[in-house]
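Listed below are the residues making up each chain.
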Amino acid sequence: MYHNNSIRILTGNSHPELAQAVADRLNVPLVPCTVKKFSNGEIDVKIFESVRDEDVFIIQSGCADANDNLMELLILISACKTASARRITAVIPCFPYARMDKKDKSRAPITAKLVANMLVVAGCDHVITMDLHASQIQGFFDIPVDNLFSEPLMLSYIKRYIEGWKDAIIVSPDAGGAKRTTAVADKLGVEFALINRKRDGRKEDAPEKMEILVGDVKDKVAILVDDMIDTGVTLTLAAKTLHEKGAKSVHALISHGLLAETNVSLIDQLPLEQLVVTNTIPQTSNKKACSKLTVIDVSSTIAESIRRTHNGESISLLFGEWAESGNVDLL
């Protein structure tokens, strides 16, 4: 029997494996519900247990079919709101439309702000997400937002699984990731490098290449750190550039492995030792297609954030020694 205001976990169709892993770690069963489509594409949601006066957490990631996953999340939130849930927390491991966080050209939409408004209007009381593309997205909300970091897990992985990491150099593939990369380099006590992507010549159809602006990678273990990989073009250019510049080996650690437009099997042909991603996005099919792909399980971090949120405890420990001292679970 459940007592009032217990943890209730729901999920849509975006990443049921992660939701089940989180539920197992909390020793809480998933609330049975179905999320399916009518013939015209409308989404139908049915929740088969009461959530009245409960602390509801809805786990839904913004992966492939991001629009459908977003609508599923909004409808689940609305359904729980009208069913008198005490508090509704949207757990969004990979925030949809996070790359559209500013007006960088005329008439460009700030879609991340629109998504924030939609979540609040649907009835969301709290948001838990991971590795936002831009931290200012938290300011788009008028409700509490907890932005978790995969960085402690990445640091643990580097120390345990990358040979020669003490002689490594942490590389940012663009200027936007410099702050993230320097933080990792500082915590490891190693050097930092910055590479820049540019076109070879002034013509629009000229081939792109990369050049190293800061740092020397020769005879060092190069570790690329970024928050997202989608097409894989940047990763391809960066790996080849670092190899050409004399790096001893090249590793890539990416938070969100969207890999939506990537021919994943081509990663095996790159001068890359391994591509490490988290399971904020489902990686089962990608792992079968790419022998160099390694997946870090973030369910422990998400589960602990849910437990601490429910009990009214601080989650700041998730950003420090608590996370780095734990085991890195690989899938």
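These notes cover the structure that comes with them. Just so you know, these numbers come straight off a predicted model, no measurement behind them.

Procedures and definitions
For every chain, the first residue of the written sequence is number 1, and numbering continues from 1 along that sequence. In view of the model being predicted, local features appear only for residues whose pLDDT reaches at least 70, and side-chain atom pairs are presented and counted only at 80 or more, with totals across whole chains, interfaces and linings using the full set of residues. Computation of side-chain values: all heavy atoms of the structure, hydrogens and water removed. For salt bridges, the criterion is a side-chain nitrogen of Lys or Arg within 4 Å of an Asp or Glu carboxyl oxygen. A run of H or I in DSSP counts as a helix once it spans at least four residues, and a run of E counts as a strand once it spans at least two, with each numbered from the N terminus. Here's how the labels work: a residue is buried when its accessible area is under 20% of the maximum for its type, exposed when over 50%, partly exposed in between, all with a 1.4 Å probe on protein chains only. By this rule, a helix spans an expected 1.5 Å times one less than how many residues it contains. Only heavy atoms enter the contact rule, under which two residues are in contact if any of them lie within 4.5 Å. Side-chain atoms alone can form a polar contact between residues adjacent in sequence; in general such a contact is a pair of N or O atoms within 3.5 Å, and within protein one must be able to donate a hydrogen while the other accepts it. Cavity and pocket criteria rest on a 1 Å grid covering protein atoms alone: a 1.4 Å probe that fits but cannot get out defines a cavity, protein on both sides within 12 Å along at least 5 of 7 lines defines an open pocket, and an atom within 4 Å of a point defines a lining residue. Grid points are joined across faces, edges and corners, and a volume is the space filled by probe spheres set on the points. Basically, the charged four are Asp, Glu, Lys and Arg, the nonpolar ten are Ala, Val, Leu, Ile, Met, Phe, Trp, Tyr, Cys and Pro, and anything else, Gly included, counts as polar.

Remarks on the pattern of salt bridges
Thought 1: One pass over the structure, following the stated rule, counts 20 salt bridges.
Thought 2: In this structure, arginine 180 engages aspartate 227 in a salt bridge whose closest nitrogen and oxygen atoms are separated by 3.9 Å. In this pair, arginine 180 is assigned in helix 5 (residues 178-188) and aspartate 227 in strand 11 (residues 221-229), connecting sequence segments 47 residues apart.
Thought 3: Residue class for aspartate 227 comes out buried when judged on its relative accessible area of 5%.
Thought 4: Via salt bridges that share partners, Glu304, Arg307, Arg308 and Glu313 belong to a single interconnected network.

Focus: helix 2 (residues 66-82)
Thought 1: Compared with an ideal rise of 1.5 Å per residue, which puts 17 residues at 24 Å, helix 2 spans 24 Å between its outermost C-alpha atoms and is within 8% of the ideal.
Thought 2: Of the residues making up helix 2, those classed as buried are Asn69, Leu70, Glu72, Leu73, Leu74, Leu76, Ile77 and Cys80.
Thought 3: Residues of helix 2 that are buried make contact with strand 1 (7-11), strand 2 (33-37), strand 3 (43-47), strand 4 (55-59), strand 5 (87-92) and helix 3 (111-122).
Thought 4: The positive-phi residue at the C-terminal boundary of helix 2 is serine 84, with phi of around 70°.

What to know about the side chain of aspartate 44
Thought 1: Looking at the element boundaries, aspartate 44 is found in strand 3.
Thought 2: A distance of 2.8 Å separates the side chain of aspartate 44 from the side chain of lysine 46, its partner in a polar contact.

A look at the environment of proline 271
Thought 1: Of note, proline 271 is situated in the loop between strand 12 (249-257) and strand 13 (274-278).
Thought 2: C-alpha of proline 271 to C-alpha of serine 285: the two residues are 14 residues apart in sequence and 22 Å apart in space.
Thought 3: Leaving out residues up to four positions away in the same chain, proline 271 has contacts with Ala239, Lys240, His243 and Val250.

Some details on empty space enclosed by the protein
Thought 1: One pass over the full model with this rule turns up 2 cavities of 30 Å³ or more.
Thought 2: Looking at the largest cavity, its volume works out to about 40 Å³.
Thought 3: As for the largest cavity, its lining consists of Gln60, Ser61, Gly62, Ala66, Asn69, Leu70, Leu73, Ile92 and Pro96.
Thought 4: Here the lining of the largest cavity gets 4 residues from one element, more than from any other, and that element is helix 2.
Thought 5: Across the lining of the largest cavity, the residue classes tally to 5 nonpolar, 4 polar and no charged.
Thought 6: One number sums up the size of the second largest cavity: a volume of about 30 Å³.
Thought 7: Forming the walls of the second largest cavity are Cys94, Phe95, Ala98, Met130, Asp131, Leu132, His133, Met228 and His256.
Thought 8: Of the residues belonging to the lining of the second largest cavity, the class tally is 6 nonpolar, 2 polar and 1 charged.

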